[in-house]
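The residues making up each chain are set out below.
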Amino acid sequence: MLRANKVHILFLTDNFPPENNAPANRTFDHAKEWVSNGHKVTVITCVPNFPAGKVYKGYKNKIYQTEQMSGIRVIRVWTFISANSGFLLRICDFISFMVSSFFAGIFVRKVDVIVGTSPQFFTACAAFLLGLIRRRPYIFELRDLWPDSLKAVGVLRNRYILIILESLELFLYRKALKIVCVTQSFRDNLVGRGIESGKIHVVKNGVDNSRFYPRKKDQKLLSSLNLDGKFVIGYIGTHGMAHGLETILQSAKLLQKTELNDQVRFLFVGSGSEKNYLINLSKRLNLKNIVFLDSVSRIEMPRYLSLVDVSIIHLKKTDLFKTVIPSKLFECMAMGIPVLHGVEGESSDIVKKYMVGMLFSQGDETSLTLEIQKIYRDQSLLSEFKGNAIKASRHFDRKMMAEKMLSVFVETGVKINSRFHRGL
């Protein structure tokens, strides 16, 4: 069916490879699959700079430039570039992309559907305006309940600004012909706030099983990091305000006082607004069992994950984060890496349902330390989790998720009619 009706998808996102965060990887993997199904995909994005706010080597922050990536036409536009820290500077970044992507989108020919993705919703603003001007359906891909996430981590407390942003948020939900959200909890949230349930589709994050699969530890890399013979506990991902990674450092401190001090090492791979703070905290705590590394490319990521015996997934304790499912959960599952999971809600339900790891209390280093000791000492349990994780990952194959999302686009794109235009 998907090949019977070809559509041209115009996708607006301010994160895209070679950036290596969850939004960039999801969009790229999905777009590749859509192209392989015979559809046309144009992505409007900015020059890669996340999270450090520095333009990647080989790119320049120009007004307009194009490239081809795996059959995807990529248009990169100028933006005000800021590091992933500081609310006002980040807002300037978001708004500049909204303006630049809108004007670039006007000149993309023969578009059938226009998609704007979060986390922040200024990108969706540009998609809505393009849909209005181009008389094409606008679809909102909802990856984060923004601005609620800003409140959750304490970035934004001004009541009046929050009211304005929440009003804009609801406006964009109402005007979208379809909404694709990444968790059932997001869908429930929107329905509870009066958004029509029939236009909301859930397409969870998933994993590219062609890149993430069980493999032996990379011995060369293991030796270069002095991790030979160690039980490696990994945190690989963004080091941001939402992640509460000081809990892991406090757990590392507790483990240094136990008989596992020589056996266990913590491996942190990634960047983010809290990275320097965490490194300095590690020094103040006099931690000798932690290795910090900068972000690595998409291609290199599986090599580093191969070193990990158990992966930690953690977010700060707040009701909002009960609604999210960290994408790193699926990557760990695909590689057969058990998880120590410190996130309540929908993601912990997946861990329990498929028995792929153990839960610990968010923000509680003692709880985390006890679970580390338990899983280290029970190798049969560790092996069971590994097998369960590999099997469970097949339910979250990214190709399957991409086709599910594509079906929404195709259905929408081929049903452009006068009623839709009047609805705008």
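The text that follows walks through the structure, step by step, so that each part is easy to find. (Residues numbered from 1 in each chain as written. Predicted model: local features only at pLDDT ≥ 70, side-chain atom pairs only at ≥ 80, totals over all residues. Heavy atoms only, no water.)

### Description of the sheet that holds strand β1 (residues 8-12)
The eight strands are arranged β3-β4-β2-β1-β5-β6-β7-β8 in an open sheet whose pairing can be described as mixed. Strands with a single pairing partner mark the edges of an open sheet, and in this sheet they are β3 (64-69) and β8 (200-202). Averaged over all neighbouring strand pairs, the angle between strand axes comes to 20 degrees, with direction disregarded. In this sheet, β8 lies alongside strand β7 (residues 178-181) in parallel orientation, the contact comprising three bridges. Following the sheet pairing, Cys181 is matched in β8 by Val202. Contacting β1, β5 (113-117) and β6 (138-142), helix α3 (residues 122-134) crosses the sheet at an angle of about 165 degrees to β5. Relative to β6, helix α5 (residues 159-175) is tilted by about 125 degrees, and along the sheet it contacts β6 and β7. (Pairing = 2+ DSSP bridges. Helix = DSSP H or I, 4+ residues; strand = E, 2+ residues; numbered from the N terminus. Axes fitted to C-alpha atoms, helices over the stretch in contact; angles between N-to-C directions. Contact = heavy atoms within 4.5 Å.)

### Here we look at the sheet that holds strand β13 (residues 339-342)
Reading across from one edge, β11-β10-β9-β12-β13-β14 is the order of the six strands in this open sheet, with parallel pairing throughout. The open sheet terminates on both sides in strands that have one partner only, identified here as β11 (290-293) and β14 (357-359). Sheet twist, expressed as the mean angle between neighbouring strand axes with direction ignored, is 20 degrees. Two strands pair when backbone bridges link them, and strand β12 (residues 310-314) and β13 are joined in this way by four bridges, in the parallel orientation.

### So, the side chain of Asp397
Inspection of the secondary structure puts Asp397 in the loop between α14 (379-393) and α15 (398-413). Although buried, Asp397 forms no salt bridge, and the nearest oppositely charged side chain, Lys399, lies 6.4 Å from it. Of note is the side chain of Asp397, whose polar atom sits 3.1 Å from the backbone nitrogen of Lys399. (Buried < 20%, exposed > 50% of the residue type's maximum accessible area, 1.4 Å probe, protein only. Lys, Arg positive; Asp, Glu negative; His and termini not counted. Salt bridge = Lys/Arg side-chain N within 4 Å of Asp/Glu carboxyl O. Polar contact = N/O pair within 3.5 Å; in protein donor to acceptor, adjacent residues only side chain to side chain.)

### Quick notes on the packing of aromatic side chains
A full pass over the atoms with the stated rule returns 16 aromatic pairs. Measuring from centroid to centroid gives 5.1 Å for Phe268 and Phe292, while their planes differ by 35 degrees, and the two rings are tilted. In this pair, Phe268 is assigned in strand β10 (residues 264-269) and Phe292 in strand β11, connecting sequence segments 24 residues apart. Here Phe268 falls in the buried class, since its relative accessible area comes to 1%. Ring plane angle 35 degrees and centroid distance 4.7 Å describe the contact between Phe330 and Phe396, whose orientation is recorded as tilted. Of the two residues, Phe330 sits in helix α11 (residues 328-334) while Phe396 sits in the loop between α14 and α15, which places them 66 residues apart along the sequence. Accessibility expressed as a relative area gives 1% for Phe330, which makes it buried. Given a relative accessible area of 6%, Phe396 falls into the buried group. Three or more aromatic residues joined by ring pairs make a cluster, and in this case those are Phe94, Phe121, Phe122 and Trp146. (Phe/Tyr/Trp six-rings, centres within 6.5 Å; stacked < 30°, edge-to-face > 60°.)

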